[in-house]
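Examination of the molecular architecture
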Amino acid sequence: MDSEVQKVVKETLLNLHKKGVLATPNEYRKEFCKVSKKFSLTVDECELFKELVEKLSKNEQLNIDEKEINSFEDIIPILLNRVSKDNINTLAELFQQSIKPSISIDIDEDLKKFSVKIGNSPALIFEDDIQKEMQEFITKRFEADKKVVKQKTSEIAKLLTLMGQYFNDAIKSSGDGSKGVSDIKTQIQSMDMQSPSIKALTELQSKLIDAAKSIEEEMNSVEKKLSTGKSEVESLELQVKKLQKELEKTREESIRDHLTGVLTRKAYEESVKKIENNFIRNNTQYAVVFFDIDHFKKINDTFGHDAGDVVLSTFGKVLEKNTREVDIVGRYGGEEFIAIVHFNLKRELLKYLKRIKAIIQENNFLYKNNKIHITFSAGVSIRNSYNSYESTIQKADMLLYQAKEDGRNKIILEDGTII
């Protein structure tokens, strides 16, 4: 064994010399593990590295093979590319929301079990098998929505067909009745009323009675059909209204964050485009306010994620209630919120910021029997100080970071004002 080790050591040093690589501990270990494979020599440290690689994902293993990585140090950059664990719960929650059919409210047992599974272990979303299941559920979600829309549109088509049929019947019946009356009128006009006979008058009376009965029966039939049609139309009308409400609700849910009630990030960014266009055309002044709840992770760790949801929900409602309709509030991600606030004078902006801070600072958030006191940090930038919206929001983000670095629980404006 010692002779084998000596051979490996010798060849390792020669290889490093040929490559012009210094025999640092890291470079030596990498080359040593390569050479040891050639001599079928088992080295604990090399085996440990192999076992670690086998525990990584397939994509990470391929990356390691392509880059010919053989050291623990070189694996670090690959591991750093992984999604932060802090974001896994949010990712899992977003996925659970995305696979629920947006119109059809029926959710089968498999979907319920799957939602519970990734809810209990969010990290599973990185597993290949789980990702395949996710894809299948997303496909099912689209199919469920399409099925409901197809069903509802089919009912509307039935309504149109039914109405057409009843109108045709009414027109036909009306036409038949009119023809019968017209024929009788012709006969009356052709009669010689100067010398009428009882027989002729009797026949005319009989025809008039028959025509009246026929018209009455036809009108009763049409009335009955229209009455039935009215009932079915009312039923379909109710279904159409229900579908309309469901579609409106779906649209509202697509622009409103399900937990906080403020705009989703996508809806916020769409609204900002309109505000920015208005600024360019009319120089309508606005500020970008970046909010971030302080020590939010600690709230989750101490009281649980349900408590964290209560804090997020209530914080969102405070922002929404105290922000004017001409302004917008959105959830930017996690515990971050963003607001666009229009103003003419700086004191108007300060009044808004102080009001939000006072409400949060002077009240506790209630979860079960727990009173949770929170604070927040914020950065504020003014649009006309920058060349673009993108530069403005970047500055607000920097000021938020500064507020957190300076001890949190403060709002920093770009001119140095601190609240």
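Placed above this text is the structure.
Residues numbered from 1 in each chain as written. Predicted model: local features only at pLDDT ≥ 70, side-chain atom pairs only at ≥ 80, totals over all residues. Heavy atoms only, no water.

1. A few points about unusual backbone geometry
As a reminder, the rule being used: Strands are runs of DSSP state E lasting at least two residues, helices are runs of H or I lasting at least four, and both sets are numbered from the N terminus onward.
Of note in the backbone geometry, H295 takes a positive phi value of approximately 50° without being a glycine. Tracing the backbone shows H295 in the loop between β1 (286-293) and α11 (296-303).

2. Here we look at the packing of helix α12 (residues 305-321) against helix α13 (residues 346-362)
Here is the rule we go by: Working convention: axes come from line fits to C-alpha atoms, limited for helices to the stretch in contact. Angles between N-to-C directions cover 0 to 180 degrees. What makes a crossing left-handed is the near helix being turned counterclockwise from the far one by less than a right angle; a clockwise turn instead makes it right-handed. In this analysis, two residues are considered to be in contact whenever any of their non-hydrogen atoms come within 4.5 Å of each other. Lys, Arg, Asp and Glu make up the charged group, whereas Ala, Val, Leu, Ile, Met, Phe, Trp, Tyr, Cys and Pro make up the nonpolar group; the residues left over, Gly among them, are polar.
Remark: α12 packs on α13, axes separated minimally by 10 Å, with the N-to-C direction vectors making an angle of 145°. Between α12 and α13 lies a crossing whose hand is right-handed. Where α12 abuts α13, its residues F315, V318 and L319 lie against I356, I359 and I360. Grouping the constituent residues of the contact of α12 with α13 by class yields six nonpolar, no polar and no charged.

3. Structural notes on the side chain of S377
Quick reminder of the rule: Residue exposure (1.4 Å probe, protein chains only): buried if accessible area is under 20% of the type maximum, exposed if over 50%, otherwise partly exposed. Any N or O atom pair separated by 3.5 Å or less is treated as a polar contact, with the protein-specific requirement of one donor-capable and one acceptor-capable atom, and with residues adjacent in sequence counted only for side-chain atom pairs.
Structurally, S377 is set in strand β6 (residues 376-382). Given a relative accessible area of 0%, S377 falls into the buried group. Polar side-chain contacts of S377 include one of 2.7 Å to the side chain of D294. Polar contacts involving the side chain of S377 include one to the main-chain amide nitrogen of N409, which spans 3.3 Å. Excluding residues that lie within four positions of it along the chain, S377 makes contacts with F290, F291, D292, D294, L400, A403, K404, R408, N409 and K410.

4. As for the pairing of β1
This is how the line gets drawn: One requirement defines pairing of two strands: DSSP has to find at least two bridges between them.
Of all the eight residues making up β1, eight are buried; the element is thus mostly covered by neighbouring parts of the structure. Strand direction decides the pairing type here: β1 and strand β3 (residues 336-342), joined by seven bridges, are antiparallel. Residue V288 lies in a different strand from β3, and its bridge partner there is I340. In terms of strand pairing, β1 meets β6 through seven bridges, oriented antiparallel.

5. Section: the sheet that holds strand β2 (residues 328-333)
Across the sheet, which stays open at both edges, the five strands sit in the order β2-β3-β1-β6-β7 with mixed pairing between neighbours. Of all strands in the sheet, those with a lone pairing partner are β2 and β7 (411-413), marking the two edges. With direction set aside, neighbouring strand axes in the sheet form an average angle of 20°. Seen against the sheet, helix α14 (residues 389-405) touches β1, β2, β3, β6 and β7 and runs at an angle of roughly 145° to β6.

6. Description of helix α10 (residues 265-282)
In an α-helix there are 3.6 residues to a turn, and that puts residues three or four apart on one side. To be explicit about the condition: One fewer than the residue count of a helix, multiplied by 1.5 Å, yields its expected span.
Helix length check: α10 (18 residues) gives 25 Å between terminal C-alpha atoms against 26 Å at 1.5 Å per residue, within 8%. Of all the residues in α10, the buried ones are A267, Y268, V272, I275, E276 and F279.

7. A look at the pattern of salt bridges
So the rule is basically this: For this analysis, a salt bridge means a side-chain nitrogen from Lys or Arg found within 4 Å of a carboxyl oxygen belonging to Asp or Glu.
Scanning the entire structure with this criterion turns up ten salt bridges. For the salt bridge of E269 with R265, the shortest nitrogen-to-oxygen distance reads 3.3 Å. In this pair, E269 and R265 are both assigned in helix α10, four residues apart and thus about one turn of the helix distant. Across the salt bridge formed by K346 and D415, the nearest N and O atoms sit 2.4 Å from each other. Pair noted here: K346 is in helix α13 and D415 is in the segment after β7, with a separation of 69 residues, a long-range link. Under the relative-accessibility criterion, K346 is labelled partly exposed at 35%. Salt bridges sharing common partners tie together D292, D294 and K404.

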